[in-house]
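Residues per chain are reported as follows:
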Amino acid sequence: MILLESYSSPRLHQWLLGNSSWLVYHEVTSPLRHLPGPEGTSWIYGHLRDVFNGESFVLHEEWVKEYGHTLKYKGFFFTNQLFTMDSRAINHVLTHSTDYQKPSPMRYTLTQILGEGVFVVEGTQHRQQASRDSSSSIPNPAFGPAQIRGLTSIFFEQAIRLRDIVSSEISKDPAANTTGARIDIMPWLSRMTFDIIGPRSATQHFSILPFLQAWIPPLRLIPTDRAQKIQVAQCTIARIGNKLVTNAKAIAHAGATEKGEIEKSSLRGRDLLTLLVKANMATDIPESQKLSDVDVLAQIPTFLVAGHESTSSAATWALYAMTVAPEVQTKLREELLSVDTETPSMDDLMALPYLDAVVRETLRAHAPVPSTVRVAVKDDVLPLEKPFTDKHGVVRDAIRISKGDQIFIPILVMNRSEELWGPDAHEFNPERWQNLPKSVSRIPGVWGHMLSFLGGPRACIGYRFSRRRTLQRNSPLLKQDEGNSVHSRSQLSNLSLRYPAGEIGRRLSVVQRPVLRGDPTYEPQLPLLVKLYHRE
């Protein structure tokens, strides 16, 4: 009751009045008001309700067709948001990460889920947690090429476990030999990823719920069941995390030299957390570049949620793509069969060009995170590759930005742009990677001529992990080992959708996941029909 009374206090009224006045002033003076764009549909939600209720990239693509590559749309409280597909403007935003940061409501919400980890923090704190120089940063050694290569065995252990689970489910379904066993693959993919990112104990009692008081800070004082559950989850993560860090330190000390030194070049581990702790303890890394135990613990939710969600999403969409394009599944299976061992090395996998093309095409056409947002912390001018015409008919060769303006980064729309990728940009076509159009070189991404991992100083530091994890994750499903399979020799998994492809939609939470359009619960799922494929 006391809390409720405090919400009507003069201080809250002053906060609302001050921010409302600033919001009105900003909107009537922001240069974005001159951009073309759709009319808002709600004074509170702007266009965001339309975006969230549908498949966001489809609506964005419709806007681009009608208003051009640079436009405005309405965000919360009818504020103007910049949407641009101009690669030079996007590159400017991504490379000037201190000038364009995550909006405070987004950071607050992400902090509830991910903690103060490298994915969320900005400015000096981010530079400490993840230096631009991958050779000297702390999290980056855990994601370096040698360390990711060292995780190959555990990647395959979990992928083979998934294959055996699917094989067991096939044997239980009487329809397996006709239509195929009915399996929702998503829960199994989700459980498998946790074992890669951290020990299984880290997932116990882990519950994260969205926080609703992001936009109005005084309302964060309201006690809610969700807030209490988040607090319990954070305490659980802290308790388990302290134990995991202690165990990881013991492992690191056990591998030290006779002089007690732990060298960066010796980094190896069975999971990313162990690698991170060992990297932080390396005696040949300057103290100024090391993280405190508090900062190390802050990375655990990042590994669990951000890493878990993105990699499991990529694997799910890879399976979806192969069911929609069975010729891709057949060609990939034949390439995988050329590898004699059940547990190929990373070098073996990297030598498979079609597997690499399938992974690249999955991350292009089904980017786990379809978009993101940045806010300008100062007035600026965005350079443009191509001029645009504003709503007054004036041709502009740059975009003026005011402090507080929000810029939408259309990851998936850029990845699916017909202007950049050609007329088949919306199709899943791994063969495109044999001869990419020159136009995609303009996309300012950190990897693969795509925006899936962003670019600039705030590019995803785990892009190698995600790419190689996707390389290895689904291959055992298409290639059963003849000697160890629970079924007879020469039997492989053949995957198809249980429902028509048109009934599979997308739902955006942390990442985009498949849903059944006709399912009233709208819960993420990918129902497959899986049966044995007999090799001729």
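Refer to the structure above for everything that follows.
Here is a short report on the structure shown in this document.

Cut-offs and rules
Residues numbered from 1 in each chain as written. Predicted model: local features only at pLDDT ≥ 70, side-chain atom pairs only at ≥ 80, totals over all residues. Heavy atoms only, no water. Axes fitted to C-alpha atoms, helices over the stretch in contact; angles between N-to-C directions. Helix = DSSP H or I, 4+ residues; strand = E, 2+ residues; numbered from the N terminus. Parallel < 35°, antiparallel > 145°, perpendicular 65-115°, else oblique. Left-handed = near helix turned anticlockwise from the far one by under 90°. Contact = heavy atoms within 4.5 Å. Nonpolar A, V, L, I, M, F, W, Y, C, P; charged D, E, K, R; others polar. Buried < 20%, exposed > 50% of the residue type's maximum accessible area, 1.4 Å probe, protein only. Pairing = 2+ DSSP bridges. Patch = residues over 30% accessible without salt bridge, like charges linked within 9 Å, V, L, I, M, F, W, Y side chains within 5 Å. Areas by Shrake-Rupley, 256 points an atom, 1.4 Å probe, with all protein chains shown as cover. Salt bridge = Lys/Arg side-chain N within 4 Å of Asp/Glu carboxyl O.

Let's talk about the packing of helix α15 (residues 326-337) against helix α17 (residues 353-365)
Viewed as axis vectors pointing N to C, α15 and α17 meet at an angle of 140 degrees, and their least axial separation amounts to 8 Å. In terms of axis orientation, α15 runs oblique to α17. Judged by the sense of rotation from one axis to the other, the crossing of α15 with α17 is left-handed. In this structure, α15 contributes Val328, Lys331, Leu332, Glu335 and Leu336 to the contact, and α17 contributes Pro353, Tyr354, Leu355 and Val358. Of the residues that constitute the contact of α15 with α17, the class distribution is seven nonpolar, no polar and two charged.

Topic: the environment of Asp99
Relative to the assigned elements, Asp99 resides in the loop between α5 (87-95) and β3 (100-101). For Asp99, a relative accessible area of 15% translates into the label buried. Asp99 sits 275 residues away from Arg374 along the chain, and the two C-alpha atoms are 9.2 Å apart. Discounting chain neighbours no more than four positions away, the residues touching Asp99 are Val375, Ala376, Val377 and Lys378.

A closer look at the sheet that holds strand β2 (residues 80-84)
Reading across from one edge, β1-β2-β8-β5-β3 is the order of the five strands in this open sheet, with mixed pairing throughout. Strands with a single pairing partner mark the edges of an open sheet, and in this sheet they are β1 (70-74) and β3. Where β1 and β2 come together, five bridges link them in antiparallel fashion. Bridged to Lys72 within β2 is Leu82.

A short note on a nonpolar patch on the surface
Residues Trp43, Ile44, Tyr45 and Phe77 make up a contiguous nonpolar surface patch of about 470 Å² in total accessible area. Checked against the element boundaries, Tyr45 lands in the loop between α2 (10-29) and α3 (48-53). The class of Tyr45 is partly exposed, set by a relative accessible area of 36%.

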